[in-house]
Amino acid sequence: MASSSSASATVVTERRGIPGAQFVADVQTYLTQSGLDVNSALAFLQERLQQYKLVEMKLLAQQRDLQAKIPDIEKCLDVVGTLQAKKGTGEALLTDFEVSEGIYSRARIEETDSVCLWLGANVMLEYSLEEATALLQKNLENARASLEVLITDLEFLRDQVTVTQVTIARVYNWDVHQRRVQQAVATPTQE
């Protein structure tokens, strides 16, 4: 049995507000150091597991939003690029655009120097084609960087869920073993 706390548990620091899970190598030492009985320790670990699951749901929703946002930004960049390519040619651009979900209309776009972009919260601003390209490119880079951070956060969170589940199993199994030992001591075997 380990006598030092470093041998009984490895503590992982937090990542962006997500607390690290504690891997318990020695259940007896963990319970003694934390001042908890088995039921309290299991309740604490179950609560922590539920907190992890809640954060995971939130992060997954953010991931879905970003994964939907990135193709929209790329489409906008393509449209602005097409408008820039047609600039100076004297040709009009014929296109279909979505008026509402599932409803499209045909448009003839004459040569233009600007576009209007939705910024959110019912705000639309007019930008030159160059400004629009720069803004959309920056937004795309930010969205991709945010998605990478989010994926790393989800990986960290999944590791913490796994460690917590293993710890719950270890504490529970240790308790079962202790009860069996106590029962064996209390009822001696008859020969």
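Keep in mind it's a predicted model, so treat the numbers as computed, not measured. (Residues numbered from 1 in each chain as written. Predicted model: local features only at pLDDT ≥ 70, side-chain atom pairs only at ≥ 80, totals over all residues. Heavy atoms only, no water.)

**Topic: the overall build of the protein**
Formally: By definition, any uninterrupted DSSP run of H or I lasting at least four residues is a helix, any uninterrupted run of E lasting at least two residues is a strand, and each is numbered from the N terminus. Each radius of gyration reported is based on C-alpha atoms, and the globular scaling rule is 2.2 Å times the count of residues to the power 0.38. Contact between two residues is taken to exist if any of their heavy atoms lie within 4.5 Å; hydrogens are not considered. For the purpose of counting charges, residues Lys and Arg are taken to be positive, whereas Asp and Glu are taken to be negative. His and the chain ends are not included. Every charge is mapped onto a representative atom, which is NZ of Lys, CZ of Arg, CG of Asp or CD of Glu.
For the protein, the count of helices and strands is four helices and six strands. Along the chain direction, N to C, the helices and strands of the protein fall in the order α-β-β-α-α-β-β-β-β-α. Relative to the 2.2 N^0.38 estimate, which gives 16 Å for 191 residues, the radius of gyration of the protein is 29 Å and therefore markedly larger than a compact globule would have. Across its three principal directions, the C-alpha atoms of the protein cover 105 × 35 × 25 Å. In the protein, once contacts between residues fewer than 6 apart in sequence are set aside, the share between residues at least 24 apart is 61%. Positive and negative charge centroids in the protein, built from 18 and 26 side chains respectively, lie 4 Å apart.

**Structural notes on helix α2 (residues 27-34)**
As a reminder of what qualifies: Only protein chains enter the calculation, and the probe is 1.4 Å; a residue is then buried if its accessible area is under 20% of its type maximum, exposed if over 50%, and partly exposed in between. A 3.5 Å cut-off defines polar contacts: any pair of N or O atoms within that distance qualifies, except that in protein one atom must be a possible hydrogen donor and the other a possible acceptor, and neighbouring residues in sequence count only when both atoms are side-chain atoms.
What α2 keeps buried is the set Val27, Thr29, Tyr30 and Leu31. Its side-chain oxygen placed 3.3 Å from the backbone nitrogen of Gln28, Asp26 serves as the N-cap of α2. Once α2 finishes, Gly35 follows within two positions and takes phi at roughly 70°, a positive value.

**Structural notes on the packing of helix α3 (residues 38-86) against helix α4 (residues 129-186)**
Rules: Only C-alpha atoms enter the line fits that serve as axes; for helices the fit covers just the stretch in contact. Angles between N-to-C directions range over 0 to 180 degrees. When an angle is under 35 degrees it counts as roughly parallel; over 145 it counts as roughly antiparallel; between 65 and 115 it counts as roughly perpendicular; any other value is oblique. Crossing handedness follows the turn of the near helix against the far one: under a right angle anticlockwise gives a left-handed crossing, and clockwise gives a right-handed one. Three classes are used, and their members are as follows: Ala, Val, Leu, Ile, Met, Phe, Trp, Tyr, Cys and Pro are nonpolar, Asp, Glu, Lys and Arg are charged, and the others, Gly among them, are polar.
As a packed pair, α3 and α4 sit with axes 7 Å apart at the nearest point and diverge in direction by 160°. Taken together, the axes of α3 and α4 lie roughly antiparallel to each other. Judged by the twist between their axes, the crossing of α3 over α4 is left-handed. Residue classes in the contact of α3 with α4 are distributed as 30 nonpolar, 13 polar and eight charged.

**Notes on the confidence of the model for the protein**
A low pLDDT score tells you not to read the predicted coordinates there in detail. Our working rule: Looking at any residue, its pLDDT shows the predictor's confidence there, from 0 to 100.
Averaged over the protein, the pLDDT score is 89; the fraction of residues at 70 or greater is 92%. Across residues 1-10 the pLDDT falls below 50, and counting only partners more than four positions away or on other chains, this stretch makes 18 contacts in the model.

**Things to note about the environment of Met57**
Within the secondary structure, Met57 sits in helix α3. Sequence separation between Met57 and Asn142 is 85 residues, and the spatial gap between their C-alpha atoms is 22 Å.

**Remarks on α3**
Worth spelling out the cut-off: A helix is expected to reach a length of 1.5 Å times the quantity of its residues less one.
Here α3 is 49 residues long and its end C-alpha atoms lie 72 Å apart, about the 72 Å a rise of 1.5 Å per residue gives. Following α3 by one or two positions, Gly88 has its phi on the positive side, about 90°.

**Let's talk about the state of the cysteines**
Note: disulfide means a covalent bond formed between the sulfur atoms of two cysteine side chains. Short version of the rule: Here, two cysteine sulfur atoms that lie within 2.5 Å of each other are counted as a disulfide.
Using the criterion set out here, one finds zero disulfides in the structure. We note that Cys76 lacks a disulfide partner, and the nearest cysteine sulfur, in Cys116, lies 12 Å from it. Its relative accessible area of 35% is what places Cys76 among the partly exposed residues.

**A few points about unusual backbone geometry**
Leaving glycine aside, a negative phi is the common case for residues, and trans is the common case for peptide bonds. Phi is positive for Ala121, which is not a glycine, with a value near 55°. Given a relative accessible area of 75%, Ala121 falls into the exposed group. Positioned with a positive phi, Asn122 is a non-glycine residue whose angle comes to about 60°. Its location among the elements puts Asn122 in the loop between β5 (114-120) and β6 (123-128).

**What to know about the pairing of β6**
Note the cut-off: Only when DSSP finds a minimum of two bridges between them are two strands counted as paired.
Pairing of β5 with β6 involves six bridges; the strand directions are antiparallel. Along β6, the bridge assignment pairs Trp118 with Met124.

**Re the pattern of salt bridges**
Keep this limit in mind: A pair is scored as a salt bridge if a Lys or Arg side-chain nitrogen falls within 4 Å of a carboxyl oxygen belonging to Asp or Glu.
Summed over all chains, the structure comprises nine salt bridges. Put simply, Lys87 and Asp113 hold a salt bridge, and the shortest N to O gap is 3.3 Å. Of the two residues, Lys87 is situated in the loop between α3 and β3 (93-100) and Asp113 in the loop between β4 (103-109) and β5; the sequence distance between them amounts to 26 residues. Since its relative accessible area comes to 32%, Lys87 is described here as partly exposed.

**Re the pairing of β4**
Pairing geometry for β3 and β4, over seven bridges, is antiparallel. Across the sheet, residue Leu93 finds its bridge partner in β4, namely Ile109. Joining the antiparallel neighbours β3 and β4 is a turn of two residues, in which Gly102 adopts a positive phi near 85°.

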